[in-house]
Amino acid sequence: MLTKMVVHNWKSYKEGTLYIDPLTIMIGTNASGKSNILDAFLFLQRISSGVGLYPAITGDVSLHALRGGLEWICLKPESRFSITITIENEADNLTYEYHLSVQVNGIKAEVFFEELKSFKYNARGTVSKERRLYYTQEANDSTPGIPAYFATSKRGPSKRIDLNRSHVILTQSEGLNLIKEVQAGIKVVLNQLQNIFVFDPIPSHMRDYTAFSEKLLSDGSNLSGVLAALEPDKKKEVEKTLTDYLKTIPEKDIRRVWTEPIGKFQNDAMLYCEEGWSEANVHIVDARGMSDGTLRYLSIVTAMLTRDPNSLLVIEEVDNGLHPSRAKLLLTMLRTLGKERGIDVIVTTHNPAILDAAGPQMVPFITVIHRDRSTGTSNLLQLEDLAQLPKMMAGGSLGRLSSEGTIERSLDKGALQ
């Protein structure tokens, strides 16, 4: 699983480190830099899926551009950014570190430097074995290619292969004749990055019927189609789980949630819900009549139930549309399904109720994002690293500290341990 991401000169960040846990909560004021971190995950998912560096940033006919596009991808006035990720892979008991540095100039985005390493740790937690699986020379603007050097089974010179700078070496290496150790490391990293899903469900996009679909789209617009396309036994199981979780959210009684094929060719679907206040007052509504909060919640639960194990699900403003009293139910759902399905979850929130529901036990898994008042750069900070946190919590809950701006004021004063 992904355990850490480090960004350098990425958008509003000079440098920042995000530690990734089974459930990670990111908080911060408006324009603090939360969305920029989400864009880093989206960028990694795109380039690992074979998208070139330039369209991964600027978009194309099938992809929307990252916020700010090429002009704002680097911290001003820099023209190069880097992202480093750490992956712990239990299958081979190795830790992988992947580093990518990208050069940007107005009309191009190209690999400047790229490297993949593997580490093995002993029982004492120190590195017992380190291997450089591949690396590149730093790019030379005079050539469109970039030399990549891959480890060989013999500890002699690395194997050189010249590759294209417009795509990451990671994806160009899949079809090359490389030793098994290198192939295995590349596969692990690609699988992890390709299984990142940045999810921003938009209820207004979910209200129409949709074609049968295999995977949920990033806005949740094909929610009905994904549920309807499941195998019958899986569909029954997922719809029961959706019903069970949805019953805890609204005031009215939810009897059942399900999808049905519609239309002459039976390859489109609609989402339905049976609800009522009493046995004599029962209604069936479709997605067009469901509330925004209901649709967002259903789409998030569906994402948790349909993503592959070992995925990373990243959700922006996870609590949008939900009443504050349901915050604890939301967090419980994310923890429970995440553990059952082996999915790590990162969420952003402005809602004090989410922090109150998280409670003191979640402090190690909360990251605060804030802007430095002197430089304007964004910073990532583990909440538990605030020196004054115990004193502040003695005077109020986490939600109150957030809503009253106490956490931000302490950061302005540089209150780190």
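Everything in this summary refers to the structure shown in the same document. (Residues numbered from 1 in each chain as written. Predicted model: local features only at pLDDT ≥ 70, side-chain atom pairs only at ≥ 80, totals over all residues. Heavy atoms only, no water.)

So, on to the overall build of the chain. A count of helical and extended segments in the chain gives twelve helices and 18 strands. Computed over its C-alpha atoms, the radius of gyration of the chain comes to 23 Å, within 12% of the 22 Å expected for a compact globule of 417 residues. Dimensions of the chain, computed from the C-alpha atoms along their principal axes, are close to 80 × 60 × 50 Å. Relative to all contacts within the chain whose residues are 6 or more apart in sequence, the contacts with residues 24 or more apart total 57%. Surface exposure of the chain reaches about 19,400 Å², of which carbon and sulfur atoms provide 50%. Side chains of the chain carry 47 positive and 50 negative charges; the gap between the two charge centres is 4 Å. (Helix = DSSP H or I, 4+ residues; strand = E, 2+ residues; numbered from the N terminus. Rg over C-alpha atoms; globule rule 2.2 N^0.38 Å. Contact = heavy atoms within 4.5 Å. Areas by Shrake-Rupley, 256 points an atom, 1.4 Å probe, with all protein chains shown as cover. Lys, Arg positive; Asp, Glu negative; His and termini not counted. Charge placed at Lys NZ, Arg CZ, Asp CG, Glu CD.)

Per the counting criterion, the structure on display carries 14 salt bridges. Where Arg165 meets Glu110, a salt bridge forms, and the shortest distance between an N and an O atom there is 3.0 Å. In this pair, Arg165 is assigned in the loop between β9 (159-164) and α3 (169-172) and Glu110 in strand β6 (residues 109-121), connecting sequence segments 55 residues apart. Using a relative accessible area of 2% as the deciding quantity, one classes Arg165 as buried. Among the salt bridges present, the one from Glu130 reaches Lys117, with a minimum N-O distance of 3.6 Å. Residue Glu130 is located in strand β7 (residues 127-136), and its partner Lys117 is located in strand β6; the two are separated by 13 residues in the primary sequence. Residues joined in a network through salt bridges with shared partners are Lys11, Asp39, Arg67 and Glu316. (Salt bridge = Lys/Arg side-chain N within 4 Å of Asp/Glu carboxyl O. Buried < 20%, exposed > 50% of the residue type's maximum accessible area, 1.4 Å probe, protein only.)

Quick look at the packing of helix α1 (residues 34-48) against helix α4 (residues 180-194) now. When two helices pack together, their arrangement is given by the angle between the helix axes and by the axis-to-axis distance. In contact at an axis separation of 8 Å, α1 and α4 are set at 125° when each is read in the N-to-C sense. On the basis of their axis angle, the class for α1 and α4 is oblique. Judged by the sense of rotation from one axis to the other, the crossing of α1 with α4 is left-handed. Along its contact with α1, which presents Leu44, Gln45 and Ser48, the element α4 presents Leu190, Leu193 and Gln194. When the residues that make up the contact of α1 with α4 are grouped by side-chain class, the tally is three nonpolar, three polar and no charged. (Axes fitted to C-alpha atoms, helices over the stretch in contact; angles between N-to-C directions. Parallel < 35°, antiparallel > 145°, perpendicular 65-115°, else oblique. Left-handed = near helix turned anticlockwise from the far one by under 90°. Nonpolar A, V, L, I, M, F, W, Y, C, P; charged D, E, K, R; others polar.)

Moving on to helix α8 (residues 327-341). Look at α8: 21 Å from first C-alpha to last across 15 residues, which is about the 21 Å you get at 1.5 Å a residue. Restricting attention to buried positions, one finds in α8 the residues Ala327, Leu330, Leu331, Met333, Leu334, Leu337, Gly338 and Arg341. Summarising the axial view, the buried residues of α8 lie within an arc of 155°, below the 170-degree limit, and thus occupy one face. Along α8, exposed side chains directed more than 90 degrees from the buried face belong to Lys328, Lys339 and Glu340. (Expected span 1.5 Å × (residues − 1). Arc of directions from axis to C-beta.)

Let's shift gears to unusual backbone geometry. With an omega of 5°, the peptide bond between Lys76 and Pro77 qualifies as cis. Along the polypeptide, Pro77 turns up in the loop between α2 (53-58) and β4 (80-89). The backbone of Asn9 sits at a positive phi, close to 55°, despite the residue not being glycine. Of note, Asn9 is situated in strand β1 (residues 2-10). A relative accessible area of 5% means that Asn9 is categorised as buried. A positive phi is found at Lys11, a non-glycine position, where the angle reads about 55°. Note that Lys11 resides in the loop between β1 and β2 (13-19). Judged by relative accessible area, which is 6%, Lys11 ranks as buried.

Here the focus is the packing of helix α7 (residues 292-306) against α8. For the pair α7 and α8, interaxial distance at closest approach is 9 Å and the crossing angle is 15°. As summarised for this structure, α7 and α8 are arranged roughly parallel, according to the angle between their axes. The way α7 lies across α8 gives a crossing that is right-handed. Across the interface between the two elements, Tyr297, Ile300, Val301, Met304, Leu305 and Thr306 of α7 pack against Leu329, Leu330, Met333, Leu334, Leu337, Gly338 and Arg341 of α8. Classifying every residue of the contact of α7 with α8 gives ten nonpolar, two polar and one charged.

Its location among the elements puts Ala353 in helix α9 (residues 352-358). Under the relative-accessibility criterion, Ala353 is labelled buried at 17%. Filtering out sequence-adjacent residues up to four positions away, Ala353 remains in contact with Pro324 and Ala327.

With that settled, the discussion passes to the side chain of Lys34. Locating Lys34 in the fold gives a position in helix α1. In this structure, Lys34 is buried with no salt-bridge partner, the nearest side chain bearing the opposite charge being Glu317 at 4.7 Å. In terms of polar contacts, Lys34 uses its side chain to reach the backbone carbonyl oxygen of Gly28, at 3.0 Å. Discounting residues that sit within four places of it in the chain, Lys34 has contacts with Tyr13, Met26, Ile27, Gly28, Thr29, Glu317, Thr348, His350 and Ile369. (Polar contact = N/O pair within 3.5 Å; in protein donor to acceptor, adjacent residues only side chain to side chain.)

With burial as the criterion, each face of strand β15 (residues 312-315) is covered, one bearing Leu312 and Val314 and the other bearing Leu313 and Ile315. The pairing of β15 with strand β16 (residues 344-349) spans four bridges and is parallel. From the neighbouring strand, Ile315 faces β16, where its bridge partner is Val347. Regarding topology, α8 serves as the crossover connection from β15 to the parallel β16, and that connection is right-handed. (Pairing = 2+ DSSP bridges. Right-handed = clockwise from strand over helix to strand, strands pointing away.)

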